[in-house]
Amino acid sequence: MRHWGALLVALVGAAILAIIGTTPPRPASASAPATAFSAARAMLDIRAIGHAPHPAGSAEHERVRHYLVRRLTRSGFTVTTTRSAVSAKGAKAFHKQNGASAPLPPIVDIVALRPGRNSALPAVMLMAHYDSVAGSPAAADDSAGVASALETARAIAASGQGDRDLIVLITDGEELELDGARAFFTSNPLSRHVGVIVNMETRGGGGRASMFETGADNGAMMRLFERNVDRPVATSLSVFVYKHLPNDTDLTVAKAHGFFGFNFAFIGRPSQYHSPSAVPAALDRGALQDMGRQVLDLTRGLLKAPNLPGHASDLVFFDAFGLVLVAYPVWVGWVLIGAATGLYALAGWRHATLGAAARGAVMTLALIIGGAALLYGANLVSGADGPVNYYDRLAAIPRLEWQILLICLGVFVVAWALLIADHDRIGTSVGAAVPLLILGAVAQAMAPTAAYPIVVPLLLGGAGLAAMRRANETVGRSLAVAAAMLGIGYMLAMGFLLVEAVGPFIPMIAALPLAIAAVLAVPLMPTVERRRVVVVGAAMLVLAIGIALWIRLDPVAASVATYSSFS
Ligand SMILES: [Zn+2]
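Draft legend 1. Broad picture of the sheet that holds strand β4 (residues 166–171). Taken in spatial order, the seven strands make up an open sheet running β1-β2-β4-β3-β5-β7-β6, and their pairing is mixed. At either margin of the open sheet sits one strand with a lone partner, and together these are β1 (78–84) and β6 (206–214). Sheet twist, expressed as the average angle between the axes of neighbouring strands with direction ignored, equals 20 degrees. Here strand β3 (residues 123–129) pairs with β4 via six bridges, running parallel. Counterpart to Met125 in the pairing with β4 is Ile167.

Below is the structure:
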């Protein structure tokens, strides 16, 4: 294969799949059926709650609380409010946001209960927080979560009484070191009635809503999730990554008390996080719809489950472009690695020369090590070398996405031109896969729920390559194109989300999707003049550095949190 056609088809298909996988659904209108989730209806609450800053202790905070109590009472809930004192850590956060002389507020949780047919069963609890940080209207964080809980409760009531009791806990003081959740789980007797929790958060004002955190031993929980949630967005990779990040939500407190839970969030439009610009009009209604529709499906499933899910071995799971959930036990990962290895061996058997295979392996290592080094270096150029304003770095994410994509493309084409170019495509592809097969096995042994992004694309790539070598030309080429489309598409979507989640701080993470996508692209690369390719790759790298300098030299984003500083 020496022409552009196959590569172009694969790349265009990959881009389309990545866009499908990262685009939130269309928001449902206010005239959607009463039993469905409607972002338009939820927006009415968001406009009432999230049009002005409402940090704990403010008059606006009190107004929002009264609104929520009225709103829940009218929806048939028995509502109580509970007061507790701010913790020492919470007080520190409060003074940082509101000034050292501001008097400490009480923490006032809103606890609402609507009985089901059988109140002896453990209850299902929806959780979100109504306090904002100082200076942010917080239409997203967490008015979007609160409004999703209200609209979900309304839709459930519209479909009649459920089996279990439904509790809605709207916490206070989440922005003050989770003080409201801590008060509920340590001293409210109703906490003992809770069987499972669905928490809703945001770290930005848009994008797809993902179920990104569960409790340990999530096998049964995830099977229930899979059965009940239509077009789910969830990956065991994010569960693994989040576990290693210092971030906390109210669910952190619940989990420390031994509760099972599902945590949903969206993190797109990251400049809106804790920002004065997080107003209702700026919120992505598609993100709200995405969160609400999944929470509603899941809550319905939990309310009618004869038994709530208990401890069961962790599952590996991921959504295939937000269309369907793929979930399998951890041991299946070994079968997939074995199959991928076998397919690459089949492709290379009596064909791949040692020289070609070595070139491929060196390319993969160069992409991982060289790619990570360049991603790290360019991030320093973009301003990460000195004191940074966390929120300014978040605001730079859309440009960092382009910077990182250009570095990945540039490094790939340069490494490909220098190391592979007109050498045998099948032999070099087999060699390129070898370091990743080893890495996949290491990941499978050490972090099996995070190994699928390496293992599954290699299985596809191995199948495509084996078909190219063993089946007839047309079948082989079509399979290799399909494998590249799916694998590169997944790497684009995953890379986009990883950069959104941790890109400003760990940009090197993008080297992995780069290397995996490269292994799938090599069999389809056209014959081109080497020097020209190096020039194009170098131009991409220069452009990336240009973006980095733009990020470095422009003033601090207007969107940063009012109390934020450089550190
Ligand atoms: Zn929050």
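Draft legend 2. Region of interest: the side chain of Arg393. Here Arg393 is to be found in helix α13 (residues 390–395). The buried charged residue Arg393 lacks any salt bridge partner; its closest oppositely charged side chain belongs to Asp392, at an N-O distance of 6.2 Å. A polar atom in the side chain of Arg393 sits 2.8 Å from the side chain of Asn379. Residue contacts for Arg393: discarding those within four places in its chain leaves Asn379, Ser382, Gly383, Ala384, Val388, Leu400, Pro504, Phe505 and Ile551.

Draft legend 3. Main features of empty space enclosed by the protein. Counting across every chain of the model gives four cavities of 30 Å³ or more. In this structure, the largest cavity spans a volume of roughly 50 Å³. Lining the largest cavity are Tyr344, Ser429, Gly461, Gly464, Leu465, Ala480, Ala483, Ala484, Val519, Leu520 and Pro523. Secondary-structure elements contributing two or more residues to the lining of the largest cavity are α16 (452–470), α17 (473–502) and α18 (511–521). In this structure, the second largest cavity encloses a volume near 40 Å³. Ranked by residue count, the leading element in the lining of the second largest cavity is α13, at three residues. In terms of residue class, the lining of the second largest cavity is built from three nonpolar, no polar and four charged.

Draft legend 4. Region of the structure containing the side chain of Asn188. Note on placement: Asn188 falls in the loop between α6 (179–187) and β5 (194–202). Of note is the side chain of Asn188, whose polar atom sits 2.9 Å from the backbone nitrogen of Leu190. Those residues within four positions of Asn188 in sequence are excluded, and the remaining contacts are Thr82, Val111 and Ala183.

Draft legend 5. Layout of the coordination of the zinc ion. On the protein side, the zinc ion has His129 (NE2), Asp141 (OD), Glu201 (OE) and Glu201 (OE) as donor atoms, found 1.9 to 2.5 Å from it. Coordination of the zinc ion draws on donor residues from a single chain, spaced H-x11-D-x59-E in sequence. Taken together, the residues span a long stretch of sequence, with Asp141 in the loop between β3 and α5 (143–158) and Glu201 in strand β5 at a distance of 60 residues.

Draft legend 6. Molecular detail of a nonpolar patch on the surface. A cluster of nonpolar side chains, contributed by Val12, Ile16, Ile20, Leu323 and Val324, occupies part of the molecular surface with about 430 Å² of accessible area. Looking at which element gives the most residues to the nonpolar patch, the answer is helix α1 (residues 4–22), with three residues. With respect to the secondary-structure elements, Ile16 resides in helix α1. In this structure Ile16 comes out as partly exposed when scored by relative accessible area, which is 48%.

Draft legend 7. Structural detail: the pattern of salt bridges. Tallied over the full model, the rule gives 15 salt bridges. Note that Asp163 and Arg117 form a salt bridge whose closest N and O atoms lie 2.8 Å from each other. Here Asp163, found in the loop between α5 and β4, pairs with Arg117, found in the loop between β2 (107–114) and β3; they are 46 residues apart in sequence, far enough to count as distant. A residue is classified by how much of its surface remains accessible, and Asp163, at 27% relative accessible area, is partly exposed. We classify Arg117 as exposed; its relative accessible area is 57%. Taking the shortest distance from any N to any O, the salt bridge between Glu226 and Arg223 comes out at 2.8 Å. Of the two residues, Glu226 and Arg223 both sit in helix α7 (residues 219–228), three residues apart, roughly one turn of that helix. Judged by relative accessible area, Glu226 falls into the partly exposed class, the value being 27%.

Draft legend 8. Structural view of the domain arrangement of the chain. When its domains are assigned, the chain resolves into domain 1 (28–329) and domain 2 (330–553). Put simply, the middle of domain 1 and the middle of domain 2, counted by C-alpha atoms, are 36 Å apart. Taken together, the contact pairs 21 residues of domain 1 with 26 residues of domain 2. The junction of domain 1 with domain 2 conceals about 2000 Å² of combined surface from both sides, 73% of it contributed by carbon and sulfur atoms. Counting the surface domain 1 buries against domain 2, the share from its top three residues, Leu237, Phe321 and Pro329, is 26%. The interface formed by domain 1 and domain 2 contains zero salt bridges. The tally of links from domain 1 across to domain 2 stands at six residue pairs in polar contact (both at pLDDT 80 or more). Secondary-structure elements contributing two or more residues to the side of domain 1 that touches domain 2 are α8 (236–243), β7 (260–268), β8 (315–320) and β9 (324–329). Counting residues per element, the side of domain 1 that touches domain 2 draws most heavily on β8, at five residues. Of the residues that constitute the side of domain 1 that touches domain 2, the class distribution is 13 nonpolar, five polar and three charged.

Draft legend 9. Examining the packing of α1 against α17 more closely. Where α1 contacts α17, the two axes come as close as 7 Å, and the packing angle between them is 40 degrees. Considering the angle they form, α1 stands oblique to α17. Between α1 and α17 lies a crossing of right-handed hand. Counting all contacts with α1, which are made through Ala6, Val9, Ala10, Leu11, Gly13, Ala14, Ala15, Leu17, Ala18 and Thr22, the residues of α17 involved are Val481, Ala484, Met485, Leu486, Ile488, Gly489, Leu492, Ala493 and Phe496.

What counts and how
Residues numbered from 1 in each chain as written. Predicted model: local features only at pLDDT ≥ 70, side-chain atom pairs only at ≥ 80, totals over all residues. Heavy atoms only, no water. Pairing = 2+ DSSP bridges. Helix = DSSP H or I, 4+ residues; strand = E, 2+ residues; numbered from the N terminus. Axes fitted to C-alpha atoms, helices over the stretch in contact; angles between N-to-C directions. Buried < 20%, exposed > 50% of the residue type's maximum accessible area, 1.4 Å probe, protein only. Lys, Arg positive; Asp, Glu negative; His and termini not counted. Salt bridge = Lys/Arg side-chain N within 4 Å of Asp/Glu carboxyl O. Polar contact = N/O pair within 3.5 Å; in protein donor to acceptor, adjacent residues only side chain to side chain. Contact = heavy atoms within 4.5 Å. 1 Å grid on protein atoms, 1.4 Å probe; cavity = no way out; pocket = protein on both sides within 12 Å on 5 of 7 lines; lining within 4 Å. Points joined across faces, edges and corners; volume = space filled by probe spheres on them. Nonpolar A, V, L, I, M, F, W, Y, C, P; charged D, E, K, R; others polar. Donors = N, O, S within 2.8 Å, 3.2 Å for Na, K, Ca; no water. Patch = residues over 30% accessible without salt bridge, like charges linked within 9 Å, V, L, I, M, F, W, Y side chains within 5 Å. Areas by Shrake-Rupley, 256 points an atom, 1.4 Å probe, with all protein chains shown as cover. Domains from an automatic or database assignment. Buried area = accessible area lost by both parts, 1.4 Å probe. Parallel < 35°, antiparallel > 145°, perpendicular 65-115°, else oblique. Left-handed = near helix turned anticlockwise from the far one by under 90°.

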